[in-house]
Amino acid sequence: VQLQASGGGLVWAGDSLRLSCAASGLIFNRYTMAWFRQPPGKEERLIVAAINWNGDNTYYGDLVKGRFTISRDNAKNQAYLQMDGLKLEDTAIYYCAANVGLDPSYERARFYDHWGQGTLVTVSS
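Predicted model, so just to flag it, every value in this text is computed and none were measured.

Asker: Tell me about the state of the cysteines, and name the residues and values.
Answerer: Per the stated rule, a full pass over the model turns up one disulfide. What pairs with C21 in a disulfide is C96, and their sulfur atoms sit 2.3 Å apart. In this structure the cystine formed by C21 and C96 twists about its S-S bond by roughly 65 degrees; its chirality is therefore right-handed. Of this pair, C21 sits in strand 3 (residues 17-24) while C96 sits in strand 9 (residues 92-100), placing them 75 residues apart in sequence. Taking the relative accessible area as the measure of exposure, C21 reaches 0% and is therefore buried.

Asker: Describe the environment of R72, listing the residues and the values that go with them.
Answerer: Of note, R72 is situated in strand 7 (residues 68-73). For the pair R72 and L17, spaced 55 residues apart in the sequence, the C-alpha separation amounts to 16 Å. Look past the residues within four positions of R72 in its chain and what remains in contact with it is F28, N29, Y31, T32, M33, I51, N52, W53, G55, Q78, A79 and Y80. Separated by 2.7 Å, the side chain of R72 and the backbone oxygen of Y31 make a polar contact. Within the structure, R72 has its side chain in polar contact with the backbone oxygen of N52 (distance 2.8 Å).

Asker: Provide a residue-level description of the pattern of salt bridges, including the pertinent values.
Answerer: If you walk through the whole model with that rule in mind, you get four salt bridges. Measuring nitrogen to oxygen at the nearest pair gives 2.8 Å for the salt bridge that ties D90 to R37. Here D90, found in the loop between strand 8 (78-83) and strand 9, pairs with R37, found in strand 4 (residues 31-38); they are 53 residues apart in sequence, far enough to count as distant. The same class applies to D90 as to R37, namely buried. Sharing partners across several salt bridges, the network here consists of R37, R67 and D90.

Asker: Explain the side chain of T119 residue by residue, including any values.
Answerer: Mapped onto the elements, T119 comes out in strand 11 (residues 119-124). Apart from the residues lying within four places of it in its own chain, the contact partners of T119 are A5, S6, G7, G8, L19, A92, I93 and Y94.

Asker: I'd like to hear about the pairing of strand 7, residue by residue, with values.
Answerer: Both faces of the sheet carry side chains from a regular strand, because those side chains alternate between them. Residue alternation in strand 7 divides its side chains into a buried set, F68, I70 and R72, and an unburied set, T69, S71 and D73. Two elements, strand 7 and strand 8, share six bridges in a ladder whose sense is antiparallel. Its bridge partner lying in strand 8, T69 is registered against Q82. Two successive antiparallel strands, strand 7 and strand 8, enclose a turn made up of four residues, where N77 displays a positive phi of approximately 55 degrees.

Asker: Let's hear about the packing of aromatic side chains: which residues, and what values?
Answerer: Evaluated as defined, the whole model comprises five aromatic pairs. Seen from their ring centres, Y112 and W115 are 6.5 Å apart, and the 70 degrees between their planes marks the pair as edge-to-face. Overall, the relative accessible area of 4% leaves Y112 in the buried class. By the ring-pair criterion, three or more aromatic residues cluster together here, those being F36, Y95, Y112 and W115. Of note, R18 hangs over the ring of Y80, and the distance from its end group to the ring centre comes to 4.2 Å. Across the ring face of F111, the terminal group of R110 is positioned such that the distance to the ring centre comes to 5.1 Å.

About the criteria used
- Residues numbered from 1 in each chain as written.
- Predicted model: local features only at pLDDT ≥ 70, side-chain atom pairs only at ≥ 80, totals over all residues.
- Heavy atoms only, no water.
- Disulfide = S-S within 2.5 Å.
- Helix = DSSP H or I, 4+ residues; strand = E, 2+ residues; numbered from the N terminus.
- Buried < 20%, exposed > 50% of the residue type's maximum accessible area, 1.4 Å probe, protein only.
- Contact = heavy atoms within 4.5 Å.
- Polar contact = N/O pair within 3.5 Å; in protein donor to acceptor, adjacent residues only side chain to side chain.
- Salt bridge = Lys/Arg side-chain N within 4 Å of Asp/Glu carboxyl O.
- Pairing = 2+ DSSP bridges.
- Phe/Tyr/Trp six-rings, centres within 6.5 Å; stacked < 30°, edge-to-face > 60°.
- Lys NZ or Arg CZ within 6 Å of the ring centre and 35° of its normal.

By themselves, these are just geometric observations and shouldn't be taken as functional.
Below you can see the structure in the form of structure tokens.
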């Protein structure tokens, strides 16, 4: 299984950004996909959002509810994270993760078996 995250960059507070996660080596529509983030200087990866295999069940971390939207395109083996109203505290390395059949509300990183390499999002004022 390979997960390739992309789309990070330097943006201003209030801006929008969309991250993409390209998956290969798996039957994509069997997997729950998630985004985690690791802020600078922090060791723990925290849940941002997760989405079940067909997109009808999503879960969001409290800090991003109402601002971020997770989606997926099973035909393209891609998951996305639309980030609107970015704040300084959203600065982090963002990772996509996958696990087969997992309920999206399982928010701990340890529940996910497969990880991408991360993409850096820097929000500046």
